[in-house]
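# Survey of secondary and tertiary structure
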Amino acid sequence: MRPMADDRQPLRRRELEAVEIDLFADGIHEAYGFDFRRYSRPSFRRRVWRRVEAEGLTSITGLLERVLHDPAAMQRLLSDLSVNVSAMFRDPGFFRVFRAKVVPHLRTYPFLRVWNAGCATGEETFSVAILLKEAGLYDRTRIYATDMNDAILDQARSRSYPIAKMREYTANYIQAGGTRSFSEYYAADGDRVVFQPSLAENIVFAQHNLVTDRSFNEFHVIMCRNVMIYFDRELQEHVHKLLYDSLTPFGVLGLGGRESLELSGHRDAYEAMDDTERLYRKVA
Amino acid sequence: MGCGIVAIGASWGGVHAVSAVLGGLPGHLPVPIVIAQHRGEEGPTGLAATLGRRTAIPVVEAIDKDVLEPARAYLAPPGYHLLVERGGVSLSTDEPERYSRPSIDVLFDSVADAYGDEAVGVILTGASDDGAAGLERIRRYGGITVVQEPGTAERRTMPDAALRLSGAHRILTLDEIAPFLVKVCGTA
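Residues numbered from 1 in each chain as written. Chains lettered and ligands numbered in written order. Predicted model: local features only at pLDDT ≥ 70, side-chain atom pairs only at ≥ 80, totals over all residues.

### Overview of the overall build of chain A
Broken down by element type, chain A carries 10 helices and 10 strands. For 284 residues, the compact-globule estimate of 2.2 N^0.38 gives 19 Å, and the C-alpha radius of gyration of chain A, at 21 Å, lies within 12% of that figure. For chain A, the spread of C-alpha atoms along the principal axes amounts to about 65 × 50 × 45 Å. Out of the 284 residues belonging to chain A, those deemed buried represent 41%. Taking the intrachain contacts of chain A between residues at least 6 apart in sequence as the baseline, contacts between residues at least 24 apart amount to 75%. (Helix = DSSP H or I, 4+ residues; strand = E, 2+ residues; numbered from the N terminus. Rg over C-alpha atoms; globule rule 2.2 N^0.38 Å. Buried ≥ 20, exposed ≤ 12 C-beta atoms within 10 Å, placed from the backbone. Contact = placed C-beta atoms within 7 Å.)

Listed below in structure tokens is the structure:
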């Protein structure tokens, strides 16, 4: 093994960086109330570094100084930290199973409340809206789409997405069992498309922080996919309790394809609705 | 300097190469293995089974917050980045890096940060320069770096890029990699 000339100094840098990340999360919590202290360390660290570089800075401490003194920089950081779902009908199989196994159950209710927790720019919210519309359930549904980031909710409210994405979304939609022509749902506007206003009629976009806010209603369906992967185990447990408390009896919880209830203390409170897709019914 | 984890990155031709490396490892390897193999987002999910066919090491497609256990290989799922913290994995759906998700750089960077001088990084065949920066990070933090001998790789672009940016403690043929890992990490 060749010893490296600057052997000690980089190790020191690694330890220092760990100190900086702790300070960073503490400082933001103190100053702004956003609590990233229990975010999953490796992805939080990556996202913070990306913002450090985008701001033309060289250290996490430097970024802390900037976001403490400049709320606009804090807003940019927040946007980096709140983007999660990246595609409409991401994991088409999930939506196919939702149609086949969840929709029949939902038909038994006269009124439906759906919570899309951590909705970011709304791709998943509108996917659910389209699905429920095609199932004939949308008119008796209210979808609450929440995110901790107000600015990103404005993007979701605009219903506007890049036209370049429509090819992928259309393929997903078809694979997800969509029954119409996907282009019926939007109108082109330059290099963007705008989804129909009627899709947003029963959607309430609202600011809600899964880490620090409480349950605010009881829902028949909660979608929280690929949001908790950014949290550590302890915070995941906290959010699982929040979601559990927010579900009606026999309410349905939808998670991301590589998230498991197996690791959660709430796993016995749910029963899997499918062998592969992460759809769970609250049974206890 | 001990060995706490082995990270393997591969792209074009990687299914064969990763299988060959895993095939040479004993079922009682005392450390976990994490793998980023480039793959299509829509692809079939049988890759873990394929890679696990000829090895004593169980290969699983990682689930978020899986606990890392010795003598087990954790494969990055399609459409996700695989990241590591001490003792466990974390997934992310952040943007692809260098057009790749999973990205080898993302995985190796997290391995370097979590395991420091107890990390072992292995770059195998591929037609990409993903992994070079990650391997360099592992090396800078005191870990051990291995690159497949470019002339013996199905595609030499990735080993070449890794050697250019990071260099390696060992440049080995596929057959030599598993014995070297056993030597470095022991057999408990």
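### Points about the overall build of chain B
When helices and strands are counted, chain B shows six helices and nine strands. For a compact globule of 188 residues, the expected C-alpha radius of gyration is about 16 Å, and chain B comes in at 14 Å, within 12% of that figure. Viewed in the frame of its principal axes, chain B has a C-alpha envelope of about 35 × 35 × 30 Å. Split into buried and exposed, the 188 residues of chain B put 61% on the buried side. Put simply, 71% of the contacts in chain B that link residues at least 6 apart link residues at least 24 apart.

### Let's talk about the domain arrangement of chain A
All names here are of chain A. Taken domain by domain, chain A comprises domain 1 (8-82) and domain 2 (92-282). The straight-line distance from the C-alpha centre of domain 1 to that of domain 2 is 29 Å. Between domain 1 and domain 2, the residue contacts involve 11 residues of the former and 13 residues of the latter. Counted by class, the side of domain 1 that touches domain 2 contains three nonpolar, six polar and two charged residues. (Domains from an automatic or database assignment. Nonpolar A, V, L, I, M, F, W, Y, C, P; charged D, E, K, R; others polar.)

### What to know about the sheet that holds strand β4 (residues 186-189) of chain A
Residues and elements named next belong to chain A. Here we have three strands laid out as an open sheet, ordered β3-β5-β4, and antiparallel in their pairing. Here the strands that pair on one side only, and so sit at the sheet edges, are β3 (160-162) and β4. Each neighbouring strand pair of the sheet contributes to a mean axis angle of 30 degrees, computed without reference to strand direction. Looking at chain direction, β3 and strand β5 (residues 192-195) are connected through three bridges and run antiparallel. (Pairing = 2+ DSSP bridges. Axes fitted to C-alpha atoms, helices over the stretch in contact; angles between N-to-C directions.)

### Considerations on the sheet that holds strand β6 (residues 203-207) of chain A
All names here are of chain A. The seven strands lie next to each other as β6-β2-β1-β7-β8-β10-β9, forming an open sheet whose pairing is mixed. Each end of this open sheet is capped by a strand with a single partner; those strands are β6 and β9 (270-272). The average angle at which neighbouring strand axes cross in this sheet is 20 degrees, direction not considered. In this sheet, strand β10 (residues 279-282) lies alongside β9 in antiparallel orientation, the contact comprising three bridges. Residue pairing for β10: tyrosine 270 is matched across the bridge by lysine 282. Of the strands in this sheet, β1 (112-117), β2 (141-147), β6 and β7 (219-223) are in contact with helix α6 (residues 123-134), which crosses β2 at around 170 degrees.

### Description of the confidence of the model for chain A
Confidence in the prediction of chain A, expressed as mean pLDDT, is 93, and 95% of residues score 70 or more. Segment residues 1-6 of chain A: pLDDT under 50, and two contacts once partners within four positions in sequence are set aside and those in other chains are kept. (pLDDT = per-residue confidence, 0-100.)

### A look at the domain arrangement of chain B
Segmentation of chain B into domains returns domain 1 (34-100) and domain 2 (142-173). One C-alpha centre belongs to domain 1 of chain B, the other to domain 2 of chain B, and the line joining them spans 21 Å.

### Let's talk about the nonpolar core
Judged by nonpolar contacts, the single largest core of 137 residues is most densely connected at Ala7, Leu107, Val111 and Val120 of chain B. Leaving out residues up to four positions away in the same chain, leucine 107 of chain B has contacts with Ala7, Gly9, Val34, Ala36, Ala76, Leu82, Leu83, Val84, Pro102 and Gly134 of chain B. (Core = buried A, V, L, I, M, F, W, Y, C linked by C-beta atoms within 7 Å.)

### A short note on the pairing of strand β8 (residues 144-148) of chain B
Residue and element names in this part refer to chain B. Among the five residues in β8, five count as buried, and that is most of the element. Across four bridges, strand β7 (residues 119-123) lies against β8 in parallel orientation. From the neighbouring strand, valine 122 faces β8, where its bridge partner is valine 146. One crossover worth recording links β7 to the parallel β8 by way of helix α4 (residues 132-140), and it is right-handed. Of the strand pairs in this sheet, β8 and strand β9 (residues 170-172) are connected by three bridges, and their pairing is parallel. Opposite valine 146, over in β9, you have arginine 170 as the bridge partner. The parallel pair β8 and β9 is bridged by helix α5 (residues 157-165), and the resulting crossover is right-handed. (Right-handed = clockwise from strand over helix to strand, strands pointing away.)

### A closer look at the interface of chain A and chain B
Listed as interface residues are 23 residues of chain A and, on the opposing side, 24 residues of chain B. Where the side of chain A that touches chain B is concerned, the elements lending two or more residues are α1 (8-32), α2 (41-54) and α10 (233-245) of chain A. Ranked by residue count, the leading element in the side of chain A that touches chain B is α2 of chain A, at five residues. Split by residue class, the side of chain A that touches chain B holds seven nonpolar, seven polar and nine charged.

### Notes on helix α3 (residues 60-69) of chain A
Ile60, Leu63, Leu64 and Val67 of chain A are the residues of α3 of chain A that are buried. Across the axial projection of α3 of chain A, the buried residues extend over an arc of 105 degrees, all falling on one side. (Arc of directions from axis to C-beta.)

### A word on the packing of helix α1 (residues 14-23) of chain B against helix α6 (residues 174-185) of chain B
Residues and elements named next belong to chain B. Look at α1 against α6: their axes get within 8 Å of each other, and the N-to-C directions meet at 40 degrees. For the element pair α1 / α6, the angle class is oblique. By crossing handedness, the relation of α1 to α6 is classed as right-handed. Here α1 contributes Ala17, Ala20 and Val21 to the contact with α6, which in turn contributes Leu174, Ile177 and Ala178. Broken down by class, the residue content of the contact of α1 with α6 amounts to six nonpolar, no polar and no charged. (Parallel < 35°, antiparallel > 145°, perpendicular 65-115°, else oblique. Left-handed = near helix turned anticlockwise from the far one by under 90°.)

### Things to note about the pairing of β10 of chain A
All names here are of chain A. Relative to β10, strand β8 (residues 247-254) runs antiparallel, the two being bridged by three bridges. Looking across to β10, one finds that valine 252 is bridged to arginine 281. In this structure, the hairpin formed by β9 and β10 is closed by a connection of six residues.

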